[in-house]
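Chain residues, written in single-letter form:
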Amino acid sequence: SHGVEDAGRKQQDILEEMEKTLQQMGEIDGCSQGRAQALMLKGKALNVIPDYNPKAEELLAKAVKLDPELVEAWNQLGEAYWKKGDITAAHTCFSGALGHRKNKVSLQNLSMVLRQLRAESTEQHAQNVMDSVRQAKLAVQMDVRDGRSWYILGNAYLSLFFNTGQNPSISQQALSAYGQAEKVDPTASCNPDLHLNRATLHKYEENYTEALEGFSRAAALDPAWPEPRLRQQQLLDFLERLTSLLENKGKVKVKKLQSMLGSLRPSQLGPCGDGQYQGSSGQKVALEHRLLSALQPGVNTGAVVLGRVVFSLTTDEKVPFTFGLADSKGPCFAVTVYNMVQSWGVLIGDSVAIPEPHLRHHHVQHQGKSFSFPGIRVETPLLLVVNGKMQGPGTQAAATVAYRAQSE
């Protein structure tokens, strides 16, 4: 109902409407059942602002005490506890509401708090995330036209993606759920959290143009929220630094670069050069050594490339680890490595062999800026041979990526 140019006034408008609503409610009177409803409505009005309101908690707690069957009061009380930071109490409220009556609001909220519950182990957290997906699916099944349910399902899949080994099919399910939210409910496109979370996934998938557009849209929808604008600028800075380093081959002096590349030897292929490499099928295969410039877009099955590290590029987020790889001919290629422990890395001058490299030519355009470069994505350092040695299991770790898990 409002244009993007009015986004900066949203919280003030909500506060003014809340005050008007509270004035219209007047004094609370009536019988026990009517009084519970009135307490709930007043608590709900106070609960519309994003910050915790102790008066809202007090009124809602009284409402559920007067009428334990009042499901909406349980849901509102759960949200009040959530804002307070008492995730366990919020979980109890939403679960209790479902005990009285199955409803999509409790399922939606339960899906979100499950991902934030304190877990005793990584296994327990993974179980909570799986349960979060189940609750979100149940909410969707109750009303397939509810955009908020689809959005929350997208967030649940997003969390599942980053907690269970980054299965590409799960990332597609998250993107599909976000798209469905916008399809069934046009107002979902006005949700800055949706755009930021989807952009976070696009960035991880190296869909940089889509990521930048998402961060930009989130920033426009919530001007007071600094995170989207910060993420957008960080990604632009990363792309600018990366393309500059690739163009200049890490600014390594010509003689030193010639010496580095001239000393590459087949022995540095390690197990990728002696027929001992185990392919995705589980069979040992002989890989053909190719120049970087000979690679084709997509997965280069049966091939291996060998080069020298000419630069590494660090970011605040740590993921991915990015470095430039060059061989005896052609341009420098960007290599992005995911799912590594923070202590893992390569140094300038290291030889790196990449079996069956996945090549993608990136062409990024955003707000008058453009970036083009070849990139090789590596899902785990276990696939790399550094200075003739295959990387050990201690180099692998799960991805940790920040996104906004709560929708309101």
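Residues numbered from 1 in each chain as written. Predicted model: local features only at pLDDT ≥ 70, side-chain atom pairs only at ≥ 80, totals over all residues. Heavy atoms only, no water.

## Focus: the overall build of the protein chain
For clarity, the threshold we go by: In DSSP terms, a helix is any run of H or I states spanning at least four residues, a strand is any run of E spanning at least two, and both are numbered starting from the N terminus. For every residue, the accessible area (1.4 Å probe, protein chains only) is compared with the maximum for its type, and the residue is labelled buried under 20%, exposed over 50%, or partly exposed between those bounds. Should any heavy atoms of two residues lie within 4.5 Å, those residues are considered in contact. Areas reported here follow the Shrake-Rupley algorithm with a probe of radius 1.4 Å; residue values treat only the protein chains shown as occluding.
Summing up its helical and strand segments, the protein chain has 13 helices and 12 strands in all. A buried classification covers 48% of the 408 residues belonging to the protein chain. Nonlocal contacts in the protein chain, meaning residues at least 24 apart in sequence, comprise 62% of its contacts between residues at least 6 apart. Here the protein chain displays about 19,800 Å² of accessible surface, and carbon together with sulfur accounts for 51% of that area.

## Examining the UniProt feature "repeat: TPR" (unreviewed entry) in the protein chain
Cut-off, in case you're wondering: UniProt positions are given in the numbering used here, feature names are shortened, and annotations may be inferred rather than shown by experiment.
According to UniProt, the "repeat: TPR" (unreviewed entry) feature falls on residues 71-104 and 192-225. Here residues 71-104 is 85% helix and 0% strand, with 11 Å between the C-alpha atoms at its ends. Spanning residues 192-225, this segment combines 79% helix with 0% strand, and its end C-alpha atoms are found 9 Å apart.

## A few points about the packing of aromatic side chains
Which entries qualify depends on this criterion: Stacked, tilted and edge-to-face are the three classes applied to pairs of Phe, Tyr and Trp rings, where Trp contributes its six-membered ring and a pair requires centres within 6.5 Å; stacked means planes under 30 degrees apart, edge-to-face means over 60, and tilted covers the rest. When the NZ atom of lysine or the CZ atom of arginine is within 6 Å of a ring's centre and also within 35 degrees of its normal, the charge is said to sit over that ring.
This structure, assessed with the given rule, holds nine aromatic pairs. Ring centres 5.4 Å apart and planes at 80° place the aromatic pair Phe321 and Trp344 in the edge-to-face group. Remark: Trp344 occurs in the loop between β7 (333-337) and β8 (351-355) and Phe321 occurs in strand β6 (residues 321-326); sequence separation between them is 23 residues. Aromatic rings pair up to connect Phe161, Phe162, Tyr204 and Tyr338 into one cluster. Above the ring of Tyr338, the side-chain terminus of Arg377 is found at 4.0 Å from the ring centroid.

## Digging into the packing of helix α4 (residues 71-84) against helix α5 (residues 87-100)
Rules: To obtain each axis, a line is fitted to C-alpha atoms, and for helices this fit is confined to the stretch in contact; angles are then taken between N-to-C directions over 0 to 180 degrees. Angle categories: roughly parallel below 35 degrees, roughly antiparallel above 145, roughly perpendicular from 65 to 115, and oblique for all the rest. Left-handed describes a crossing whose near helix is turned anticlockwise from the far helix by less than a right angle; the clockwise case is right-handed. Each residue receives one of three labels: charged for Asp, Glu, Lys and Arg, nonpolar for Ala, Val, Leu, Ile, Met, Phe, Trp, Tyr, Cys and Pro, and polar for the others, Gly being one of them.
Here α4 crosses α5 at 170°, and the two axes come no closer than 7 Å. By the criterion of interaxial angle, the relationship of α4 to α5 is roughly antiparallel. Where α4 crosses over α5, the two elements pack in a sense that is left-handed. Counted together, Val71, Trp74, Asn75, Leu77, Gly78, Glu79, Tyr81 and Trp82 of α4 and Ile87, Ala89, Ala90, Cys93, Phe94, Ala97 and His100 of α5 form the full contact between these two elements. Residue classes in the contact of α4 with α5 are distributed as 11 nonpolar, three polar and one charged.

## Examining the environment of Gly147
If you trace the backbone, Gly147 turns up in helix α8 (residues 147-163). Here Gly147 falls in the buried class, since its relative accessible area comes to 4%. In this structure the C-alpha to C-alpha distance between Gly147 and Ala177, which are 30 residues apart in sequence, comes to 9.2 Å.

## Concerning the pattern of salt bridges
Put simply, the rule reads: The term salt bridge refers to a side-chain nitrogen of Lys or Arg lying within 4 Å of a carboxyl oxygen of Asp or Glu.
Tallied over the full model, the rule gives 13 salt bridges. Between Arg377 and Glu206 there is a salt bridge; the shortest N-O distance is 3.7 Å. Of this pair, Arg377 sits in strand β10 (residues 369-378) while Glu206 is found in the loop between α10 (192-204) and α11 (208-221), placing the two residues 171 residues apart along the sequence. Side by side, Arg377 and Glu206 carry an identical accessibility label, which is buried. Arg231 is paired through a salt bridge with Glu227; the nearest N and O atoms lie 2.7 Å apart.

## Comments concerning the nonpolar core
Threshold: In this text, buried Ala, Val, Leu, Ile, Met, Phe, Trp, Tyr and Cys residues form a nonpolar core when linked through side-chain atoms within 4.5 Å.
Counting residues in hydrophobic clusters, the biggest one holds 55 residues, and the most contacted among them are Leu77, Trp82, Val113, Trp150, Leu153, Tyr157 and Leu201. Ranked by residue count, the leading element in this core is α8, at 10 residues. If we ignore the near neighbours within four places in the chain, the residues touching Leu201 are Leu158, Phe161, Phe162, Ser171, Ala174 and Leu175. Counting 37 residues, the second largest nonpolar core, distinct from the first, contains Leu236, Met260, Leu306 and Phe311.

## What to know about the side chain of Glu206
Given a relative accessible area of 4%, Glu206 falls into the buried group. In this structure, Glu206 is in contact with Thr336, Tyr338, Arg360, His362 and Arg377, ignoring residues within four places of it in sequence.

## Here's the deal with α10
Note the threshold: A helix is expected to span 1.5 Å for every residue after the first. The definition of a polar contact used here is a pair of N or O atoms within 3.5 Å, where within protein one atom must be able to donate a hydrogen and the other to accept one, and adjacent residues in sequence count solely through side-chain atom pairs.
The terminal C-alpha atoms of α10 lie 19 Å apart, and with 13 residues this matches the ideal 18 Å at 1.5 Å per residue to within 8%. Here α10 lies mainly inside the structure; 13 of its 13 residues are buried. Looking at where α10 begins, the residue whose side-chain oxygen comes 2.9 Å from the main-chain nitrogen of Asp193 is Asn191. Following α10 by one or two positions, Glu206 adopts a phi angle in the positive range, close to 65°.

## Description of unusual backbone geometry
Unusually for a residue other than glycine, Lys251 sits at a positive phi of about 60°. Along the polypeptide, Lys251 turns up in the loop between α12 (226-247) and α13 (254-262). Residue class for Lys251 comes out exposed when judged on its relative accessible area of 62%. Phi at Glu356 is positive, roughly 45°, even though this residue is not glycine. Relative to the assigned elements, Glu356 resides in the loop between β8 and β9 (358-366).

## Overview of the pairing of β8
To be explicit about the condition: Strand pairing follows a simple DSSP-based rule, namely that at least 2 bridges must link the two strands.
In terms of burial, β8 is a largely internal element, five of the five residues being buried. By the alternation rule, side chains of β8 split into Ser351, Ala353 and Pro355 and Val352 and Ile354, which are all buried. One ladder, built from five bridges, connects strand β5 (residues 303-313) with β8; its direction is antiparallel. Across the sheet, Val304 pairs through a bridge with Pro355, a residue of β8. With two bridges joining them, β8 and strand β11 (residues 385-386) adopt antiparallel strand pairing. Across the sheet, residue Val352 finds its bridge partner in β11, namely Val386.

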